[in-house]
Every structure is written in C-alpha cells, then in structure tokens.
Amino acid sequence: MFYTTVHTINVGDYTGEQVDAWAPKQMDLESWNRSFLEHYSVIAEENHTIAGFGDISRQGYLDRLYVHKDFQRQGVATAICNTLEQEVRGNIITHASITARPFFEKRGYRIVREQRVERQGLVLVNFVMEKSVSVSSRQPLQKQFRH
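Cut-off values and rules
Residues numbered from 1 in each chain as written. Predicted model: local features only at pLDDT ≥ 70, side-chain atom pairs only at ≥ 80, totals over all residues. Heavy atoms only, no water. Helix = DSSP H or I, 4+ residues; strand = E, 2+ residues; numbered from the N terminus. Rg over C-alpha atoms; globule rule 2.2 N^0.38 Å. Buried < 20%, exposed > 50% of the residue type's maximum accessible area, 1.4 Å probe, protein only. Contact = heavy atoms within 4.5 Å. Phe/Tyr/Trp six-rings, centres within 6.5 Å; stacked < 30°, edge-to-face > 60°. Polar contact = N/O pair within 3.5 Å; in protein donor to acceptor, adjacent residues only side chain to side chain. Salt bridge = Lys/Arg side-chain N within 4 Å of Asp/Glu carboxyl O. Core = buried A, V, L, I, M, F, W, Y, C linked by side-chain atoms within 4.5 Å.

Caption draft 1: Inspection of the overall build of the protein at higher detail. Helices and strands together make up the secondary structure of the protein, namely 5 helices and 6 strands. Scanning the protein from its N terminus toward the C terminus, one meets helices and strands in the order α-α-α-β-β-β-α-β-α-β-β. A globule of 147 residues ought to have a C-alpha radius of gyration of about 15 Å, and the protein, at 15 Å, matches this closely. Buried residues in the protein amount to 42% of all 147 residues. Across the protein, every contact between residues at least 6 apart in sequence was considered, and the portion connecting residues at least 24 apart equals 59%.

Caption draft 2: Quick look at the packing of aromatic side chains. For the structure shown, the criterion picks out 9 aromatic pairs. Taken together, a centroid distance of 5.7 Å and an interplanar angle of 40° make the contact between F53 and Y66 tilted. You can see F53 sitting in strand β2 (residues 49-56) and its partner Y66 sitting in strand β3 (residues 61-67), a full 13 residues away along the chain. Among the aromatic side chains, those forming a connected cluster through ring pairs are F2, W32, F36, F53 and Y66.

Caption draft 3: Local environment of the environment of L37. One can find L37 in helix α3 (residues 29-38). The exposure class of L37 is exposed, given its relative accessible area of 67%. For L37 and D55, which are 18 residues apart along the polypeptide, the C-alpha to C-alpha distance reads 9.5 Å.

Caption draft 4: Structural view of the side chain of R107. One can find R107 in the loop between α5 (101-106) and β5 (110-119). Look at R107 and you get buried, because its relative accessible area is 14%. A distance of 2.7 Å separates polar atoms of two side chains, one belonging to R107 and the other to N82. A polar contact is formed between the side chain of R107 and the side chain of E85, at a distance of 2.9 Å. With sequence-adjacent residues up to four places away left out, R107 is seen in contact with T78, C81, N82, E85 and K131.

Caption draft 5: Up close: the pattern of salt bridges. According to the stated counting rule, one finds 9 salt bridges in the structure shown. Note that K69 and D70 form a salt bridge whose closest N and O atoms lie 3.0 Å from each other. You can call K69 partly exposed: its relative accessible area is 32%. Under the relative-accessibility criterion, D70 is labelled partly exposed at 47%. Of the charged contacts in the structure, one is a salt bridge between R101 and E105, with a shortest N-O distance of 3.0 Å. Of this pair, R101 and E105 both sit in helix α5, 4 residues apart, roughly one helical turn. Assessed through its relative accessible area of 36%, E105 is described here as partly exposed.

Caption draft 6: Spotlight on the nonpolar core. Grouped together as the largest cluster of nonpolar side chains are 21 residues, with contacts concentrated most on L62, L65, V76, I80, I92, F104 and Y109. When residues of this core are traced back to their parent elements, those giving at least two are β1 (40-46), β2, β3, α4 (76-85), β4 (90-97) and β6 (122-133). Sort the elements by how many residues they give to this core and α4 lands first, with 5 residues. Residues Y14, W22, W32 and F53 belong to the second largest nonpolar core, which totals 11 residues.

Shown next as structure tokens:
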C-alpha cells in the first residue's frame, strides 16, 4: 500500500526517481516493524482492505501517515490523525511531504522550516511542521474505521 500510494499520489509533486528513492520496491520491513512497535500505530481498514495507516511516538513525532490511493479524500487521514493526536499532549512534529503539507496546514500545523532530505543519493523537499495540541482542540473521529 505504501509503495503504490507514493508512486501514484506523490508523483504529482516529486519526480519518478524521487518516489523510487522514497518508496523503493524492497523496503526494510524489519526496521519499519521495530518503529511501529515503539510507536502508537493505527491501521484503518474498510472491507478487509487497509485504507491507511499512521504512527506517532510518545514524544509527539508523527512519523507516518499514508492513505491508500483508492481511499483518498474520504476522511481516512483525518480519522487516523485525530486518533494519533489524542495520544500526546503538547507539541506534535511531523515531516510533511509537499503533497501532505496542505492537509497538515488545514489541521493547524505550522511550517517550522523547509528541508531537503537525501534518499538514495537524491534530494527531496519536505517540511518540518508543528502543532500544539490541547485537550480542547481534540476532534472526534468523523468516520469510524477499524483500528
């Protein structure tokens, strides 16, 4: 799902070479699994299909938020993000892609800085974004996904 989504959705903002470097066919699944186990992780599922997933650290680093290419603009990212944000108090930091930046801005995240990250020798632009989350700003899930 990650590979297909990046190569379908993010290719509008990044070159083919850049998305290949970001989401290669051979992922380090052991590293991803370790990270998911260390973080609070959410999987949204609809009709036995993974619609999206995300994870956040205890310190408030929203590491991943991806929505299946066939479930874009249906509230999946919002539902996952609402759930993840409820797990931390204080500031949340994420490194948002060019594609994801508008989504996070609508949620009240502000750009701390633009950055260039290297993936397999290629440079990709993304944005360090931050949001301060208080109890009063928490949002209920808009659509119920199994997680």
